[in-house]
Amino acid sequence: MSTMVLSAMASYLRALHVHPGPELAPLPLQACAAALGLDGLGFLLAPAQGPVELVQSFGPRTLALEDLQLTQGQGPSLDAARDGTLLLLPDLSDPTATAATRWPTLPGAIQDLGIAAVFAFPVRIGVITLGALTGHRTRPGPLSADRLADTFALTTTLAQVIIDQAARPGAMSGLLLDEPGLHFAEVHQATGMLSTQLDITCAQALVLLRAHAFSQNRSILTCARDILHHRLQLKKDGSRDHGT
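About the criteria used
- Residues numbered from 1 in each chain as written.
- Predicted model: local features only at pLDDT ≥ 70, side-chain atom pairs only at ≥ 80, totals over all residues.
- Heavy atoms only, no water.
- pLDDT = per-residue confidence, 0-100.
- Helix = DSSP H or I, 4+ residues; strand = E, 2+ residues; numbered from the N terminus.
- Contact = heavy atoms within 4.5 Å.
- Axes fitted to C-alpha atoms, helices over the stretch in contact; angles between N-to-C directions.
- Parallel < 35°, antiparallel > 145°, perpendicular 65-115°, else oblique.
- Left-handed = near helix turned anticlockwise from the far one by under 90°.
- Pairing = 2+ DSSP bridges.
- Buried < 20%, exposed > 50% of the residue type's maximum accessible area, 1.4 Å probe, protein only.

Draft legend 1. Main features of the confidence of the model for the chain. With 82% of its residues at a pLDDT of 70 or more, the chain shows a mean pLDDT of 84. Ranking the helices and strands of the chain by mean pLDDT puts strand β3 (residues 87-89) first, with 97, and helix α1 (residues 3-18) last, with 64. Overall, residues 171-181 carries pLDDT values under 50, and its contacts beyond four positions in sequence, including any with other chains, amount to 23 contacts.

Draft legend 2. Examining the packing of helix α8 (residues 185-198) against helix α9 (residues 202-215) more closely. Interhelical geometry of α8 versus α9 gives an angle of 110° and a closest axis separation of 8 Å. Relative to α9, the element α8 lies roughly perpendicular. Judged by the twist between their axes, the crossing of α8 over α9 is right-handed. Contacts from Val187, Ala190, Thr191, Gly192, Leu194, Ser195 and Leu198 in α8 reach Cys202, Ala205, Leu206, Leu208 and Leu209 in α9.

Draft legend 3. Expanded view of the sheet that holds strand β4 (residues 117-125). Taken in spatial order, the five strands of this open sheet run β2-β1-β5-β4-β3, and their pairing is antiparallel. Only two strands of the sheet have a single neighbouring strand rather than two, namely β2 (53-58) and β3. For this sheet, the mean angle separating the axes of adjacent strands, direction not counted, is 20°. Strand contacts of helix α2 (residues 29-36): β1 (40-45), β2 and β5 (128-137), with the helix running at about 70° to β2, the strand carrying the most contacts.

Draft legend 4. Examining unusual backbone geometry more closely. A positive phi angle is found at Asp199, which is not glycine, with a value near 55°. Looking at the element boundaries, Asp199 is found in the loop between α8 and α9. What makes Asp199 exposed here is its relative accessible area of 67%. For His230, which is not a glycine, the phi torsion comes out positive at approximately 60°. Under the relative-accessibility criterion, His230 is labelled exposed at 55%.

In structure tokens:
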């Protein structure tokens, strides 16, 4: 691991040891991104029972990148966090690259955010995937071999942090999806509300919310907020209920 990444994570781990708490303390993502030559980093968790959740981020485009993938229900972050798939996408404009064939509608939308390259690394212990660390650049180009090695070492450290945190009494409550500080907690709350209103499963409700956001070219987060504040109500067929 490079000196910069090693120093940042060592300080972080010392702080966890001296001041242990029930929640995951802010990670040194800015320092890690700088050391890895990235313009942004997002750390996502994938609980065994529940959707993928962005828990910490750095960079002005990171939240928009993760929101876009959640809206479309596809993308490198989701595949890395759900399936443990390593996805290195050094040039999103390449029509023959993995991104173009794997998610045909996604690369152009990501480029519209000013992002040219995305690198999604699964965070796992053995074969058990716990989440993902996704970095991006505003310019195309691959990660060097040294930076790849640094990122693999960083994800291994993050996996151990998660496991250690989970071993503390009540600690995982700070890592789950009902915490109000999480970026997409409102999406999960709106999904639960739709599930109750329409008598459908939460999985079906999320598909309905995602489809509405995608068809209206809106962020899934803003649609979720509209549902929570009763500005938007949907029918089971996905159409908007104008009578309420």
